[in-house]
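What the coordinates show
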Amino acid sequence: MQGFDPPTQRPFQGLVASRIETYGGGYRASAQGTAGNLFARGGPVLDPSRRRLQGYAPFAKGCGPARGLSPLRWRELEPEKRHGGHFGAGPPYSPKLKEVTKAHELEVRLHTFSMFGMPRLPPEDRRHWEIGEASDSGEAIEKSWKELVPGHKDMSRELCHQQEALWELLTTELIYVRKLKIMTDLLASGLLNLQRVGLLTEVSAETLFGNVPSLIRAHRSFWEEVLGPSLEEMRASGQPLDPVSLQNGFLMFSQRFQPYVLYCLRVKQTMAYAREQQDNNPLFHTFVQWCEKHKRSGRQMLGDLLIKPHQRITKYPLLLQAVLKRSPEARAQEALNAMIAAVESFLRHINKQVRQGEEQESLVAAAERIGPYEVLEPSSEEVEKNLRPFSTLDLTSPVLGVAPEHTRQLLLEGPVRVKEGREGKLDVYLFLFSDVLLVTKRQRRADKAKVIRPPLMLEKLVCQPLRDPSSFLLIHLTEFQCVSSALTVHCPSPADRARWLEKTQQAQAQAECRGIRRVKHRSALRERALQPGQRNQCADSRSVCTEGHWDGEGSDALCLVGWVGKGPGRAGGAYAEKTSQRSSCLSTTGGGT
């Protein structure tokens, strides 16, 4: 007869055992199990069938012992029989067997969640993830606004349409928050519970849902401070909802919904991460399928839930415009126009941040393809050692002379042949950025290109087409508008030459426009900073004001003004005089250190 472990050494298996372990129940040996431990190996043991059933007795709903055993338990016995029991000759350990074991354990855990509900996470996790109670169904609202307005039959048709549009704003807000709660109460909570027992630990809950709790808090505050009070007033008074009562809340739209900036910046990476995990992680795919079939999810797919915040924030202007079209009163129209302007301003800010983020990602990807900076050949090791700190090109650094929001962009790239002076032609690879042209050479054993010429700044670059339809001349100038270097570029075809000339001229024109706008902004800041009498004093002097810093935010911009002498003799001007002028100008603008 085959031997079995004592009862206290046998781990729990099966559905009810998973329930005990998941919900924190410890295995307490029965009196028989304790007695069984007293026997030496090979001594009297309990009957295997009785030993299997004794741990499940507290969960049995019927009077017989068989009713305490889940049918799922009988399926678990089959692998044990095939492998000859615990002491029999089983297959050797393999990663594949471990995956099968984890898949089975995940299936049991999810089945346990379906039967008994989700286990409670620690209070700090529940607060962080905004996980509510199982009985929390959210804010309740009537099916129609007509239930709150007894005199709706006497209202005009246009006013009824206005109330329908306002009611859609309220109801869709609650529906959207419930969908956000699906991500925290079901997906995030389930994932965190599984990770607490060693499953799906390789999946990052923060990457998938890290910003969702902030959105829930923002919308809860928006409902409690803006939409909810208007609804309560409507319930108390029985009067139609006044759109003007929402004005103050929507005028603070950008402050209330600031978490959306971060969410929209990350949503593309979040969805890519979710797709990758579902494609390459079978356990996560099983978990997501279970969540999508759960009654709480409402058949919402994970990808659909992740894109909901982006869709909701862009829907507010449409909802408000629908109310505006059905609001004949001038007072309501003025309030709604101000609300729409505030929301659209915030959306433009989000779009700007997203565009800058995408441009930064493209720049980083382009910079990773450009490797060593070797424009000089050092004559000795000593010279090379001194040149090394200055032989690094950082393309991700800010563009000089423009506002920080302007990111360097890769406009064009491709292979050409260049000729410098009387030397022969050299095969190179050009990178045209929005402010600089790089001449590089591909390396055979590396994916990165090597920079072989100093960067050619576009503001100092002159492009001249040559008689050869496939060639043009690159002339790089110094600060004195003198030739610094010149390269003859031979393109593979006339179409390639036309493309290089067109893109370069467009980049130079855009850079010039940015410079003009910055000069105008600086002039406006200087005019606002100086009093009328001091403006005249500055105009009479042979000096000009230049800003040391500005943050581009209008009246909140900080303008530190210095003085630089004009004219041929500026290098030999009196230092004391300029210092006094500088101090005077700083005091007028309220500047400081």
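Since this is a predicted model, take the numbers as computed values, not measurements.

Definitions and limits used
Here the residue index of a chain counts from 1 through its sequence in written order. Only residues with pLDDT of 70 or above have their local features reported here, since the model is predicted, and side-chain atom pairs are shown and tallied only from 80 upward, although totals for entire chains, interfaces and linings are computed over all residues. Values shown for side chains rest on all heavy atoms present in the structure; no hydrogens or waters enter the calculation. Secondary structure follows DSSP: runs of H or I at least 4 residues long count as helices, runs of E at least 2 residues long count as strands, and numbering of each begins at the N terminus. Classification of residues uses two cut-offs on accessible area relative to the type maximum, computed with a 1.4 Å probe and protein chains only: under 20% is buried, over 50% is exposed, and between them is partly exposed. Contacts are residue-level and defined by heavy atoms, with any inter-residue pair within 4.5 Å sufficient. The Shrake-Rupley method, run with a 1.4 Å probe sphere, supplies the accessible areas, and residue values consider only the shown protein chains as cover. For every element, the axis is a line fit to its C-alpha atoms; helices are fit only across the contacting stretch, and the angle between N-to-C directions ranges from 0 to 180 degrees. Roughly parallel means an angle under 35 degrees; roughly antiparallel, over 145; roughly perpendicular, 65 to 115; everything else is oblique. By convention the crossing between two helices is left-handed if the near helix lies anticlockwise of the far one by an angle smaller than a right angle, and right-handed if it lies clockwise. Charged residues are taken to be Asp, Glu, Lys and Arg, nonpolar residues to be Ala, Val, Leu, Ile, Met, Phe, Trp, Tyr, Cys and Pro, and polar residues to be all remaining types, Gly included. Pairing of aromatic rings covers Phe, Tyr and Trp, the last counted by its six-membered ring, and requires centre-to-centre distances within 6.5 Å; plane angles under 30 degrees mean stacked, over 60 mean edge-to-face, and any other angle means tilted. The definition of a nonpolar core used throughout is a set of buried Ala, Val, Leu, Ile, Met, Phe, Trp, Tyr and Cys residues joined through side-chain atoms within 4.5 Å. For every residue, the predictor reports its confidence as pLDDT, a number between 0 and 100. Only one rule defines a salt bridge in this text: a Lys or Arg side-chain nitrogen within 4 Å of an Asp or Glu carboxyl oxygen.

**Regarding the overall build of the protein**
Counting its regular elements, the protein contains 20 helices and 11 strands. By the burial criterion, 37% of the 593 residues in the protein qualify as buried. For the protein, long-range pairs separated by at least 24 residues make up 65% of all intrachain contacts whose partners lie at least 6 apart in sequence. Of the roughly 34800 Å² of accessible surface on the protein, a fraction of 52% belongs to carbon and sulfur atoms.

**Section: the packing of helix α7 (residues 157–195) against helix α14 (residues 302–313)**
Between α7 and α14, the shortest axis-to-axis distance is 11 Å and the interhelical angle comes to 140 degrees. Regarding the angle of α7 to α14, the classification is oblique. When the axes of α7 and α14 are compared, the crossing they make is left-handed. When α7 is examined against α14, the residues Leu169, Thr172, Glu173, Tyr176, Lys179, Leu180, Ile182, Met183 and Leu187 are found in contact with a partner set consisting of Leu302, Leu305, Leu306, Lys308, Pro309 and Arg312. Considering only residue class, the contact of α7 with α14 consists of 10 nonpolar, 1 polar and 4 charged.

**Here's the deal with the packing of aromatic side chains**
Considering all chains together, one arrives at 15 aromatic pairs under this definition. An angle of 65 degrees between the planes, with centres 5.2 Å apart, marks the rings of Phe222 and Phe257 as edge-to-face. Taken together, the positions of Phe222 in helix α9 (residues 212–237) and Phe257 in the loop between α11 (253–256) and α12 (259–280) put the pair 35 residues apart, joining distant regions of the chain. Classification of Phe257 by relative accessible area gives buried; the value is 0%.

**Concerning the nonpolar core**
Judged by nonpolar contacts, the single largest core of 78 residues is most densely connected at Phe209, Phe250, Phe257, Phe287, Ile313 and Tyr316. Of the residues forming this core, the biggest block, 17 residues, is contributed by α7. Core analysis: the second largest hydrophobic core is formed by 21 residues, Val439, Leu456, Cys463 and Trp500 among them.

**Let's talk about unusual backbone geometry**
One non-glycine residue, Glu130, lies in the positive phi region at around 55 degrees. Inspection of the secondary structure puts Glu130 in the loop between α6 (123–129) and α7. Given a relative accessible area of 13%, Glu130 falls into the buried group.

**Here's the deal with the confidence of the model for the protein**
Across the protein, the average pLDDT comes to 78, with 69% of residues at 70 or higher. Counting interchain partners and residues more than four positions distant, the pLDDT-below-50 stretch residues 24–93 has 78 contacts. Between residues 534–593, whose pLDDT stays under 50, and residues either more than four places distant or in other chains, the model counts 76 contacts.

**A few points about the pattern of salt bridges**
Tallying each qualifying case throughout the model produces 18 salt bridges. For the salt bridge of Arg312 with Glu173, the shortest nitrogen-to-oxygen distance reads 2.9 Å. Taken together, the positions of Arg312 in helix α14 and Glu173 in helix α7 put the pair 139 residues apart, joining distant regions of the chain. For the pair Arg312 and Glu173, one class covers both residues: buried. In this structure, Arg408 engages Asp435 in a salt bridge whose closest nitrogen and oxygen atoms are separated by 2.8 Å.

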